[in-house]
Amino acid sequence: MLHSLWAFVKRHRVKILYTGALAGGVYLLGKYAQKKIRDLQEREAAEYIAQARRQYHFESNQRTCNMTVLSMLPNLREAIMQQLNSESLTSLLKNRPANKLEIWEDLRIISFSRSIVAVYSTCMLVVLLRVQLNIIGGYIYLDNAALGKNGTTPLAPPDVQQQYLSSIEHLLGDGLNELITVVKKAVQNVIGSLSLKQSVSLQELEKYLGEIREQVEHPCNSSESVIIANKSPLCWYLIPDEEATLTSQASGLTEKDLTTLRILNETRDMLESTDFSTVLNSCLNRGFSRLLDNMAEFFKPTEEAVTQNGKINSLSNAKLPLAKIIPIINGQIHSTCSETPSHFVQDLLLMDQVKDFAANIYEAFSSPQQLAMRLQ
């Protein structure tokens, strides 16, 4: 039996060796394939977890943005009302002063200006905070992901975050002051010559607002506004020029200052981009549309005047004297800069363009690949 088995092996030894080698190769190949599949599955699982973690961090960051906007609106409203104080003029009118007409003229400019400034500054606040908090949020995500790794330097340590985010004060300070000056001049140019008794329709009011926006957003004389090259004149209201930032302290810049300055420059590049201008313009269009919608409620005819001379009175032909429009537009700041979620603020926070823009910024600043390209 053994002799015959041995003889069989000798006769077919080449085939047996080939079969054994093939079986061994298949076994090793199977093991290799299993290892590769396991590695791939682990890598995909790690990428999925990382993506889910980043998505969760992004969504949390957007909620922080919304809450920050609402928390800052009272300060913004107070700053506007302090600079454009119509209440003091209204109090003077109650005493029937001799210069009553002059006070009414001032009240006209201030009332229109403060509601228009409220729309501009609220839209700017919403978009600027989206930019700032998603830039810093992306850096925080990368810092958290690198936590515990030897030799890693934080991209945005807490003291840098605080110094960077404090730059929002420019919008509430010097930027707001300059915006008020420019808007008041535009308001004076457009409606300053109108009689207080002149009746104005909603369509005419929309036309006046459009003309004011044109002068504010596209000034024809660069000496009247801060315009450099092709930059939007609205950018200066959002963030100070480089000369006004930490570069003016070049003699004593610390490592923290240099890091903050780099992030501010990245922010400035973002604010001067076409995408930012498009998003801000969309917000302004929505904001002024909402302002007109709020005003339209006061142009609706009463039930007694629904029909007159056999014709139906609609908003298209309803008119109000300018003197009656002044107190109406004067009060719009309270709905525009409301810390309780109003339709005006909700419209801005929920705009798809704002959400998409925020997602693109966060993606750029939370991606290790994008970070490596920016730091080259």
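Residues numbered from 1 in each chain as written. Predicted model: local features only at pLDDT ≥ 70, side-chain atom pairs only at ≥ 80, totals over all residues. Heavy atoms only, no water.

**Q** Give me the overall build of the chain: which residues, what numbers.
**A** Of regular secondary structure, the chain possesses 15 helices and four strands. Taken across its 376 residues, the chain has 41% of its residues classed as buried. Considering only intrachain contacts with a sequence separation of at least 6, the fraction spanning at least 24 residues in the chain is 82%. Per element, the accessible surface of the chain, about 21,200 Å² overall, is 56% carbon and sulfur. (Helix = DSSP H or I, 4+ residues; strand = E, 2+ residues; numbered from the N terminus. Buried < 20%, exposed > 50% of the residue type's maximum accessible area, 1.4 Å probe, protein only. Contact = heavy atoms within 4.5 Å. Areas by Shrake-Rupley, 256 points an atom, 1.4 Å probe, with all protein chains shown as cover.)

**Q** How would you explain the side chain of H170 if you had to name every residue and give the values?
**A** As for its placement among the helices and strands, H170 is situated in helix α6 (residues 169-172). With residues near it in sequence (within four places) discarded, H170 still touches G175, L176, W236, Y237, L238, I239 and P240.

**Q** For the packing of aromatic side chains, give the residues involved together with the corresponding values.
**A** Scanning the entire structure with this criterion turns up four aromatic pairs. When the ring of Y120 is compared with that of F288, the centres are 5.4 Å apart and the planes differ by 75°; the resulting orientation is edge-to-face. Pair noted here: Y120 is in helix α4 (residues 100-145) and F288 is in helix α10 (residues 274-296), with a separation of 168 residues, a long-range link. Pair check on accessibility: Y120 and F288 agree, each one buried. Consider the rings of F276 and F357, whose centres lie 6.3 Å apart with planes at 50°: the pair is tilted. Here F276 is found in helix α10, whereas its partner F357 is found in helix α14 (residues 352-366), with 81 residues between them in sequence. The same class applies to F276 and to F357, which are both buried. (Phe/Tyr/Trp six-rings, centres within 6.5 Å; stacked < 30°, edge-to-face > 60°.)

**Q** So, the packing of α10 against α14: which residues are in play, and what are the values?
**A** Axis angle and axis distance: for two packed helices, these are the angle between their axes and the distance between the axes, and together they describe the pair. Packing of α10 against α14 brings their axes to within 9 Å, and their N-to-C directions diverge by 155°. The angle between α10 and α14 falls in the class roughly antiparallel. Where α10 crosses over α14, the handedness of that crossing is left-handed. Residues D275, F276, V279, S282 and C283 of α10 form the contact with α14, whose participating residues are Q353, V354 and F357. Among the residues forming the contact of α10 with α14, the class breakdown is five nonpolar, two polar and one charged. (Axes fitted to C-alpha atoms, helices over the stretch in contact; angles between N-to-C directions. Parallel < 35°, antiparallel > 145°, perpendicular 65-115°, else oblique. Left-handed = near helix turned anticlockwise from the far one by under 90°. Nonpolar A, V, L, I, M, F, W, Y, C, P; charged D, E, K, R; others polar.)

**Q** Now, about the environment of T122: what can you tell me, with residues and values included?
**A** With respect to the helices and strands, T122 occurs in helix α4. Since its relative accessible area comes to 0%, T122 is described here as buried. Separated by 53 residues in the primary sequence, T122 and V69 place their C-alpha atoms 8.7 Å from one another. Discounting chain neighbours no more than four positions away, the residues touching T122 are L73, L76, T336, C337, F344 and L348.

**Q** Lay out helix α11 (residues 322-330) with the relevant residues and their values.
**A** Here α11 has its buried residues at L322, I325, I326, I328, I329 and N330. Taken together, the buried residues of α11 touch α3 (86-94), α4, β1 (199-201), α10, β4 (319-321) and α12 (333-336).

**Q** Could you give me a rundown of the nonpolar core, with the residues and numbers involved?
**A** Counting residues in hydrophobic clusters, the biggest one holds 102 residues, and the most contacted among them are I80, F112, Y120, M124 and V216. Top element by residues in this core is α4. It accounts for 24 residues. Leave out the neighbours within four places in its chain, and I80 touches R114, V117, A118, S121, L176, I333 and C337. (Core = buried A, V, L, I, M, F, W, Y, C linked by side-chain atoms within 4.5 Å.)

**Q** Hey, could you go over the environment of M351 for me, with residue numbers and the actual values?
**A** Along the chain, the position of M351 falls in the loop between α13 (343-349) and α14. C-alpha of M351 to C-alpha of C283: the two residues are 68 residues apart in sequence and 8.0 Å apart in space.

**Q** Help me get a handle on the environment of K324, residues and values and all.
**A** Note on placement: K324 falls in helix α11. Since its relative accessible area comes to 53%, K324 is described here as exposed. The sequence separation of K324 and F298 amounts to 26 residues, and the corresponding C-alpha distance is 9.8 Å.

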